[in-house]
Structures are given as structure tokens and as C-alpha cells.
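# Structural description and commentary
Each chain, written out:
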Amino acid sequence: MRRIVFILLTMLVVTASAQHARTESVLKLDWMFTRSANAHFAEVDYDDSDWQEVTVPHDWAISGPFDNNNDRQTVAIEQNGEQEATEKTGRTGSLPWTGTGYYRREFRVAHDAERVILNFDGAMSEPEVYVNGTKAGEWKYGYNAFNIDITPYIKKGSHHNVLAVKLRNLPESSRWYPGAGLYRPVTLIQTAAKAVDQWGIDMRTMSIDPSRHSAKVSVDVKLVGCDSADKVEVELCGTWGVQVAVKDGKVHAELDVTNVTYWSPEHPQLYPLKVRVKDAQGRVKDEVTRRVGIRTISYTAEHGFQLNEMTRKFRGVCLHHDLGMIGAAVSKAALVRQVELLKAMGCDAIRTAHNMPSQLQMDVCDSLGMLVMAESFDMWVYPKCKNGYCRFYNDWWQRDLENLVLANRLHPSIVMWSLGNEIPEQGDRKGTQMLQAMQDFVHQLDPTRACTSGMDRWDNVIASGFADALDIVGLNYRTFKYKTAYERLHQKFVLGSETASTISSRGVYKFPVVRADGKTYPDGQCSSYDLEACWWSNIPEDDWVLQDDNDWVIGEFVWTGFDYLGEPTPYDDRMNARSSYFGIFDLAGLPKDRYWLYRSHWNKNAETIHLLPHWTWPGREGEVTPVYCYTNYPSAELFVNGKSQGRISKRMDERVKPDGGRTVKENEPLIDRYRLRWNDVKYEPGEIRVVVYDANGVRRGESVCRTAGAPYKLVVSQQSLDEYHGHKTLKADGEDMAFFVVQAVDKDGNLCPEANQQINVHVSGAAEFKGMCNGDATSFEVFTQPTMKLFKGQLVVGVISNGHKGNAKISVESPGLRSASAKIKAK
């Protein structure tokens, strides 16, 4: 074990009169890791000198290599309607995440610490935790946070303590890439004997009065080691405070607060909530500060979903937990990037599909303003994959739900709990009983939030009573069943808990342009004309017409916001497909054309004018090459080399039939309610230009796309979309990240849309190379090496602070092209 160093402190509450000041210390550095160890790995004197030194969070599999033999599965994917088992090589990302991993590190505990807790925000998976050679605890579910009281096992003061963790990932235990290892933070918590229990604080907004900008809130605190002689002080914003006596190890306080800003995606105001524990002599024994939001939520037949007594509809996306090039290892900077890119599109909600979220992700959603559906499970008892959570459900579901709720209930961003995704038990009455037990249990822990579940077997959930038992009716796809659900179920509102699943590859366009389901191509890509879906899914317009024309549809969560590792539908049985095609952004975080389509519909505060496809088509001269414009304006005129192709308008009068039977699949004009399309344009090199007009016929803007010449040079710049906060500086903390887009352009600066040159990256100064990704779902190039081919002319490089202040330089080069560089300051 290497020498011990100071622990990074994320929170240190110091109180002069306290016997021991609470410390919450993230154990980030000085971990040792191996994939192979013997039975003595947890012993204090075990020699780990030949192990790899790593930083936690850590994903042991993301460096690859990609290999079709990694978790090769022969299965029938029931969710895709498959009846016969076939071989699947990329279902879980083709990365080496299965097997066993071991971690060790040393730590010290203060001599006056009376209670010591280890908090794991998630460990993939089945973690066994040892302290000084003794097993201190375990958990089963890799996505859940858990605490272990290690007080009986530690040595205080100058003594070294040894923490060892064993993790095991079985083959066929996931339907997507889960990551592997200590992929979320591990925190050491030290307190006095009298203390606030871990996750023991609950604050609820009981009511608001918008006319007075006031609210009534309640605060409940669970304590350890306290009796009726102790007192607890509760402060909100440092001005509204009460002192409450302890009763049965708990306290309850109610506060009237004024001049507050209610939390919302538009105004994500957070306030400090401080809880201070004092003994009978008035000495401070513990003090905890958490950031909270003041807001109310409700779901009713009359008003649908209301936030702060204002009706709104969810403009949401589903997100898997991997972060592309850095894998499952959670990163605040990468999460901030995701949320800011989504908000630039007009998105206001995230479903953590299909797993429990990290605390970092929820902190980001709180501070930047994202509504959240926090999901729990992808399966209960019936196995979607043979070694999945089904092995643990019966013994663990209560413990897992309890931790999910208690760990996350202070987050104002979370507005509903999801108890499962497409659970096979939804079709029988026993499943309904299981659902009811889970929902009742969650309501006991948190009566302020409603529960839902993503349902995909409509006839079955009606017959079993499953849909009627839920607080919120969540339908995955099945747009043709929305009207029936509204009419037959008592809730009288419907949520698109999972919608669209349109598939596309950034920068790829296929001809002829047709609306198609499950279509595949020899190159393993999908067309970005945004007209392709799976047999069970649809394109965006199917969802929008229902939401826009019916008050009782309360919004949607699109599958998915970003591409993710694994589930390469419709190429599940293709040998070299290893990531999804569903994303609005690709795996690199670059926007596909679909980004601009959703932005034109969702973002009411920004102008959107986007043309597709690109206009570099050697060999297609004279052939029909349809041109689309995604815009929030109602009409536009297209020009090809100055020649008008006609001025057209959106068909706002198109509606779905009352019986719900008329969909985009059956009636293409519904597409033209949201898109402007010139379907008969013939390609000729030069330029296409679109001029847009508002409802009064006033010209409002234009966009131009030109034919590119041969690749001439590289350009590199920080990623930026209009409302995304643009160029940033790095925090010199060893954790912050920045993302740079690399493009190949011609002599005039036009993007070369078919460029695929090999790019080499060098990072110097105050940052290090972290990873790179080009968004190609068929590429087996590893993310953690500084070389990769462009895909459709672009890729993204991630750099991370090395802890030093100063400038960092990112240099990119490729044989035959002029090189480029960019700088970023770390401070």
C-alpha cells in the first residue's frame, strides 16, 4: 500500500465547541486496483504494490479494448419483439466489464471521531466492503447508494486503516453497458456520537403563496445518539430559524418563509438548510448544511402536472448513465455539459433510465434546473437477462427503494419516482400487487411525490389493473393507445414515459428518403432525415400532435437525449455495432439533425433555422435529394444556386383522428405540421439557401449550406451551442473537464462532411488528455488513446485539469492537413 496522503475535503463543518466537527471527505486519490487477486486481498498486510494506481470514480472497462466476445449473448430480445434467440455481440457495448475487480486504499480517522460511515454512491456491482481485513458490509444493486457504519472496525488517530472492496459483474446481467468498478464517489464521514443520521433530513414545501412570494415548509430530522435533553436548531437561508426538542430520536419543525424564489427549471434557486445538534449543555455536537429548493408539485385530472401551481408539460429525455468517452465513471463537468446542451434545445426534464441516479447528477439538475423522473429498476422477478436484478428483487427491493428515496428526497429537481421500466409482471394481478406494495412503501417514505412506471403492454396492464393502480399513467410508445388510456383510466391524464426512439447517425443520409421502421444498411448506419424508427416506436411528430392537441397529455421523455454504449438497435446482431442510434446527440455529444427539430419545437426563446442534408454529393448530380428545414418559423423559401424551389408553409391544420388511429405512419402530412420539406430538389453543386418568414410574412432570417471542397485543414474549438454557456475556464482541481470539437474543413472553412482522416491529439500545460469520441456506432477505436478517425468530418476531445494553474494547449494534427490548436486557462 503506497504512502497515505491528505484526503480531499468536500465539506468541513467546523464548530469551536464541538467534540468532533463533522467531516465529509471524498476518497478520490491513492486507490490501488486489480482484476485478479487471491482470497487474502482484504488483509492489512496484503502486498498490492503490483496493482494499478487509479482515481475514483473509476470505470475499469472503458479503456477496452472493444471485442465482440465481451459479454456475447445469444438471446431473444423480447422488447424488440424477437421470438427466436440470436447472437448479440454489442448489446452491452463490447467492452470488458464482466468479471471481478478489487480496490484497496489506506485512510486515517481523527482521534476524536465517535462515529464513522462510508458512503458509496454506487459500485458496479455486488460490492463487498472490508475494513482492516474484516467484512464490514455489502450491497447487491450496482446503481444504488448505500452506507456502511465502520465504527467497530477502525483505528483512530495516527493509525492507518485499510479499505478493500471486491466487485463482481456476471455476464448477461445487463441489457446495456453498465460500466464496472467504483464508478461513483466514495465518501468517508466522521461525526460525534450525537449526530444527524445519514440521509436523515427531509424538507417539504407544504404550501406557497405566489402573491406574497412566501411558503410554508416542514423539516424533519432523524438523529442518532440523541435523547430528549438535546436540542436541534433548524435554519433556512440563515434567517428563518427555530429550536426544537428531540422526541424519540427525531425532530419536526415548521417554518414560514417570505421573499423567496420558487425553484423551477427557469429559476433554479437553491437555499442553504442548516441543521445544528446541541447537547443539554448547549454544546454543538453536529452541524449539517444542505442546499434545498422551495417548490410545490401536483398531478390532477383538472390541471395535469403543475409546478408551483402552474401547469406545464414535460419536455424531457431519457438518459442512460454512461458519459460516452469516459464511460460510467461519473464526472460533474460531463454532467453539466449534458444538461447545458439539453437546456439549449429547450429540454426541461430527464428520466434516469433505467437506473437510480448519482448524487452528482441530481446536484447538477438542482443547480441548473432540470425536472427529474428518478427511476429504480429495469426488472423485478422476471428476468429480462438471466443474471440481472431479478436475482435480488425479493430480498432487496425494500432496501433499494428506501435508499433511493432517502438519499434523493431533498433534491427539488425530482418530481416523480419510477418503479420500473417495461416490467414483465405488468401483465398479471400478482404484478399489480407487487406494484401496489412498492408504491405504498415509497409513499410512506415520501408522500409528496407521485409514482409511475413505463408500461408497454397496454391490453395486459388494463386487464391486470396495473395501469389503474399507478399515480401517473406512463406509456412507453403506444401513441395509438393514449386516447383509450385517457378514457378508461381514473387518472384522466397520460405521460409519455418513453417516446419516439427515432434512429439516426449524425451526418448520414440515405436515398431514396422514405418513412421506414427497422431499416438497416450495409454500412451499419441510419439516415439523419429523421424518418426511421423501430417497429415498436415512432418519429417525433407522432408524440407532438398528441401533446399539442390534448391537455390531458402531460408531456414526454424522448428515448434518448444522448447515444449510449450498448443496445445498437436496429443492428443488435451486427458484429461491429457497439452503441445506440437513438440519441438526439451522438455518443460524442455532437448534435444530430434531430437536435434542431426538437429545438424548433421546444425552445420558444431562440431562433432555429437548420438545413439538411449537407450539400456535398459528388456523383448525385441531377438526382432527387430532398431538403428539409427545421425552424420555429411557419414558412420559408428554398433556393438552389439562387433558383427558387418554392415558398412553403407548415400544415398547422393537420390533426390526429379522434379515434387515435391516424398517425404519421399512415398520414405523412402530419410531418409537415412541424417540418418544412422540399422533396423534389435535384442536387447540383453550389449552395442551398433558405429564407424564413414569420406568421405575418415578414422575413426573419436565413441559413446557407455550401458544397465543400477537399479537406484542407483542421480546426479545433470548445463546444458551443447558442444557449450553452460557451467558452469556459478549467478549475485547477484535477477534476474539471472541457470538451473540444475537431473538424476538417476546406480552404473556405466549409465542413467536409465525408472526411475520415486519422487525428492525433496532444495536450500540454495545465490539463491532460482524458478521452475522445467520433460518434460512430460502428467504430472499435478505444476512447482513451489520443488518436481516432473523424466521423463525418468531426470528433470531440475531452481534457481534464491536472491540478495546476495556467494555460493548457490542445493540439491536433493529421497527415496531409494543416494542424490546429486551442488554449484554455485553468485557475
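Cut-offs and rules
Residues numbered from 1 in each chain as written. Predicted model: local features only at pLDDT ≥ 70, side-chain atom pairs only at ≥ 80, totals over all residues. Heavy atoms only, no water. Helix = DSSP H or I, 4+ residues; strand = E, 2+ residues; numbered from the N terminus. Rg over C-alpha atoms; globule rule 2.2 N^0.38 Å. Buried < 20%, exposed > 50% of the residue type's maximum accessible area, 1.4 Å probe, protein only. Areas by Shrake-Rupley, 256 points an atom, 1.4 Å probe, with all protein chains shown as cover. Pairing = 2+ DSSP bridges. Axes fitted to C-alpha atoms, helices over the stretch in contact; angles between N-to-C directions. Contact = heavy atoms within 4.5 Å. Salt bridge = Lys/Arg side-chain N within 4 Å of Asp/Glu carboxyl O. Polar contact = N/O pair within 3.5 Å; in protein donor to acceptor, adjacent residues only side chain to side chain. Phe/Tyr/Trp six-rings, centres within 6.5 Å; stacked < 30°, edge-to-face > 60°. Lys NZ or Arg CZ within 6 Å of the ring centre and 35° of its normal. pLDDT = per-residue confidence, 0-100. Expected span 1.5 Å × (residues − 1). Parallel < 35°, antiparallel > 145°, perpendicular 65-115°, else oblique. Left-handed = near helix turned anticlockwise from the far one by under 90°. Nonpolar A, V, L, I, M, F, W, Y, C, P; charged D, E, K, R; others polar.

So, on to the overall build of the protein. A tally of helices and strands in the protein yields nine helices and 48 strands. Compactness check: the protein gives a C-alpha radius of gyration of 27 Å against a globular reference of 28 Å for 827 residues, within 12% of the reference. For the protein, the spread of C-alpha atoms along the three principal axes comes to 85 × 60 × 55 Å. Within the protein, the proportion of its 827 residues that are buried is 62%. Carbon together with sulfur atoms contributes 46% to the accessible area of the protein, which is approximately 30,300 Å² in total.

A few words on the sheet that holds strand S26 (residues 371-375). Paired through their backbone hydrogen bonds, the strands of a sheet run either parallel or antiparallel. Around the barrel, which closes on itself, the eight strands sit in the order S24-S25-S26-S27-S28-S29-S30-S33 with parallel pairing between neighbours. With strand direction ignored, the average angle separating the axes of adjacent strands in the sheet is 25°. Alignment of strand S27 (residues 414-421) against strand S28 (residues 450-455), held across four bridges, turns out to be parallel. When the bridges of S28 are listed, serine 418 appears paired with threonine 452. Here helix H4 (residues 429-445) sits on the sheet and contacts S27 and S28; the angle it forms with S27, its principal contact strand, is near 155°.

Moving on, we get to unusual backbone geometry. At the junction of alanine 353 and histidine 354, the peptide bond is cis and its omega measures out at -5° in the coordinates. Tracing the backbone shows histidine 354 in the loop between strand S25 (349-352) and helix H2 (359-368). Going from tryptophan 559 to threonine 560, the amide bond is cis rather than trans, its omega being -5°. For threonine 560, the position within the fold is in the loop between strand S33 (553-559) and helix H9 (593-602). Even without glycine at this site, asparagine 308 takes up a positive phi of about 55°. Turning to its location among the elements, asparagine 308 is positioned in the loop between strand S22 (304-307) and strand S23 (310-311). For glutamate 422, which is not glycine, the phi dihedral falls at a positive 45°. With respect to the helices and strands, the residue glutamate 422 is situated in the loop between S27 and H4. Judged by its relative accessible area of 8%, glutamate 422 is buried.

What follows deals with the pattern of salt bridges. Enumeration over the complete set of coordinates arrives at 49 salt bridges. With its nearest N and O atoms 2.7 Å apart, the salt bridge here joins arginine 391 to glutamate 126. Here arginine 391 is found in the loop between S26 and helix H3 (393-408), whereas its partner glutamate 126 is found in the loop between strand S8 (115-120) and strand S9 (128-131), with 265 residues between them in sequence. Overlapping salt bridges bring together Glu233, Glu235, Lys274, Arg276, Lys278 and Glu287 as one network.

Turning our attention to the side chain of aspartate 694. Considering the arrangement of structural elements, one finds aspartate 694 in the loop between strand S39 (687-693) and strand S40 (699-706). At 2.9 Å, the side chain of aspartate 694 forms a polar contact with the backbone nitrogen of valine 698. Excluding residues within four positions of it along the chain, aspartate 694 makes contact with Tyr633, Pro634, Ser635 and Arg700.

Here we come to the sheet that holds strand S15 (residues 214-224). Spatial ordering of the open sheet is given by S14-S15-S18, a layout of three strands whose pairing is antiparallel. Sheet topology places strand S14 (195-209) and strand S18 (250-257) at the edges, where each strand pairs with a single neighbour. Pairs of neighbouring strands in the sheet enclose a mean axial angle of 15°, with direction left out of account. Examined bridge by bridge, S14 and S15 share ten bridges and lie antiparallel to one another. Its bridge partner lying in S15, aspartate 202 is registered against aspartate 220.

Topologically, asparagine 259 is positioned in the loop between S18 and strand S19 (271-278). With relative accessibility at 68%, the residue asparagine 259 sits in the exposed group. Along the chain, asparagine 259 and arginine 212 lie 47 residues apart, while their C-alpha atoms are 7.3 Å from each other. Apart from residues lying up to four places away in sequence, asparagine 259 is in contact with Arg212, His213 and Tyr271.

Let us now look at the pairing of S40. Relative to S40, S39 is paired through seven bridges, and the arrangement is antiparallel. From the neighbouring strand, isoleucine 688 faces S40, where its bridge partner is cysteine 705. Hairpin connection between S39 and S40: a loop of five residues separates the two successive antiparallel strands, and glycine 697 in this loop has a positive phi of roughly 80°.

All right, on to the side chain of asparagine 119 then. Along the chain, asparagine 119 turns up in strand S8. With relative accessibility at 10%, the residue asparagine 119 sits in the buried group. Apart from residues lying up to four places away in sequence, asparagine 119 is in contact with Phe146, Asn147, Pro185, Val186, Thr187, Ile189, Gln198 and Trp199.

Turning next to the pairing of strand S47 (residues 806-814). One ladder, built from six bridges, connects strand S43 (residues 758-765) with S47; its direction is antiparallel. Across the sheet, serine 764 pairs through a bridge with lysine 809, a residue of S47. Connecting S47 to the antiparallel partner strand S48 (residues 817-826) that follows it, the hairpin turn spans two residues, and glycine 816 within it adopts a positive phi of roughly 90°.

Before going further, it helps to spend a moment on the packing of aromatic side chains. By the definition in use, this model includes 43 aromatic pairs. Consider the rings of phenylalanine 66 and phenylalanine 783, whose centres lie 5.5 Å apart with planes at 90°: the pair is edge-to-face. A residue pair is termed long-range when its members are at least 10 positions apart, and phenylalanine 66 in the loop between strand S4 (52-54) and strand S5 (73-75) and phenylalanine 783 in the loop between strand S44 (767-773) and strand S45 (787-789) qualify at 717 residues. Owing to a relative accessible area of 9%, phenylalanine 66 belongs among the buried residues under this scheme. Members of the aromatic cluster, connected to one another through ring pairs, are Tyr141, Tyr143, Phe377, Trp380, Tyr389, Phe392, Tyr393, Trp397, Phe441 and Phe466. Above the ring of tyrosine 486, the side-chain terminus of lysine 492 is found at 5.6 Å from the ring centroid. Sitting over the ring of phenylalanine 511, arginine 620 keeps its end group 3.7 Å from the ring centre.

Across the protein, the average pLDDT comes to 93, with 95% of residues at or above 70. When the criterion is pLDDT under 50, residues 1-18 qualifies, and its contacts beyond four places in sequence or with other chains add up to 45 contacts. Counting interchain partners and residues more than four positions distant, the pLDDT-below-50 stretch residues 658-664 has 17 contacts.

Moving on, we get to H4. The end-to-end C-alpha distance of H4, which contains 17 residues, comes to 25 Å, matching closely the 24 Å that a straight helix rising 1.5 Å per residue would cover. Those residues of H4 that fall on the buried side of the exposure criterion are Gly431, Thr432, Met434, Leu435, Met438, Gln439, Phe441, Val442 and Leu445. Its side-chain oxygen 3.1 Å from the backbone nitrogen of lysine 430, aspartate 428 forms the N-cap of H4.

Here we take up the packing of H3 against H4. Packing of H3 against H4 brings their axes to within 10 Å, and their N-to-C directions diverge by 30°. Put simply, H3 runs roughly parallel to H4. The two elements H3 and H4 meet at a crossing, and its hand is right-handed. Facing H3, whose interface residues are Tyr393, Trp397, Gln398, Leu401, Glu402, Val405 and Leu406, H4 presents Met434, Ala437, Met438, Phe441, Val442 and Leu445.

Next up on the list: the packing of helix H1 (residues 332-345) against H2. Orientation of H1 relative to H2, taken along the N-to-C sense of each, is 40°, at an axis distance of 9 Å. In terms of orientation, H1 and H2 fall into the oblique class. The way H1 lies across H2 gives a crossing that is right-handed. Residues Lys332, Leu335, Val336, Val339, Glu340 and Lys343 of H1 pack against Leu360, Gln361, Val364 and Leu368 of H2. Residue composition of the contact of H1 with H2, by class: six nonpolar, one polar and three charged.

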